[in-house]
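Topology and contacts: notes
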Amino acid sequence: MTSTPELTTRDVLQQVDRRLSLIEEDLRGLDAKVDTKIGAVEAKLDSKFHLVVGLILASWFSMMGALLLK
């Protein structure tokens with residue numbers, strides 16, 4: 001019979017450390033991707049917000065002009 005080498009505590013801790021390092025790298029990559037997507041969405045929302053505010057102000061000014069210049 002061939003004997004299987006026993007894993008020492010150090011071997012197990014090295015494997016755990018390696019796996020945790022890989023998970024941390026994956027999370028950093030996902031974090032960067034999410035930040036990029038959120039930045040793009042915020043830019044779209046900002047432009048739509050400015051458009052809506054402009055439309056509201058324009059309609060308010062036209063309403064006030066119509067009432068005052070009647």
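Look up a bit, the structure's there.
A brief structural summary. (Residues numbered from 1 in each chain as written. Predicted model: local features only at pLDDT ≥ 70, side-chain atom pairs only at ≥ 80, totals over all residues. Heavy atoms only, no water.)

Turning our eyes to something else, we now look at the overall build of the protein. A count of helical and extended segments in the protein gives 1 helix and 0 strands. Over its C-alpha trace the protein gives a radius of gyration of 30 Å, far above what one expects of a compact globule, namely 11 Å for 70 residues. The dimensions of the protein, computed from C-alpha atoms along their principal axes, are 105 × 15 × 15 Å. Within the span of the protein, comprising 70 residues, buried residues form 0% of the whole. Entry remark: accessible area of the protein is about 6900 Å², with carbon and sulfur atoms responsible for 67%. (Helix = DSSP H or I, 4+ residues; strand = E, 2+ residues; numbered from the N terminus. Rg over C-alpha atoms; globule rule 2.2 N^0.38 Å. Buried < 20%, exposed > 50% of the residue type's maximum accessible area, 1.4 Å probe, protein only. Areas by Shrake-Rupley, 256 points an atom, 1.4 Å probe, with all protein chains shown as cover.)

Attention now moves to a nonpolar patch on the surface. On the surface, a cluster of nonpolar side chains totalling about 640 Å² of accessible area is made up of Leu 7, Val 12, Val 16, Leu 20, Ile 23, Leu 27 and Leu 30. For Val 16, the position within the fold is in helix α1 (residues 9–68). Judged by relative accessible area, Val 16 falls into the partly exposed class, the value being 40%. (Patch = residues over 30% accessible without salt bridge, like charges linked within 9 Å, V, L, I, M, F, W, Y side chains within 5 Å. Salt bridge = Lys/Arg side-chain N within 4 Å of Asp/Glu carboxyl O.)

Turning our attention to the packing of aromatic side chains. A complete count under the given rule lists 1 aromatic pair for this structure. Taking 5.3 Å as the distance between ring centres and 65 degrees as the angle between the ring planes, the aromatic pair formed by Trp 60 and Phe 61 counts as edge-to-face. (Phe/Tyr/Trp six-rings, centres within 6.5 Å; stacked < 30°, edge-to-face > 60°.)

Below, the discussion takes up the environment of Ser 62. Relative to the helices and strands, Ser 62 resides in helix α1. Along the sequence, Ser 62 and Asp 35 sit 27 residues apart, while their C-alpha atoms lie 40 Å from each other.

Turning to a negative patch on the surface, a few remarks are in order. A surface patch of like charges, here negative, comprises Asp 17, Glu 24, Glu 25 and Asp 26. Turning to its location among the elements, Asp 26 is positioned in helix α1. (Lys, Arg positive; Asp, Glu negative; His and termini not counted. Charge placed at Lys NZ, Arg CZ, Asp CG, Glu CD.)

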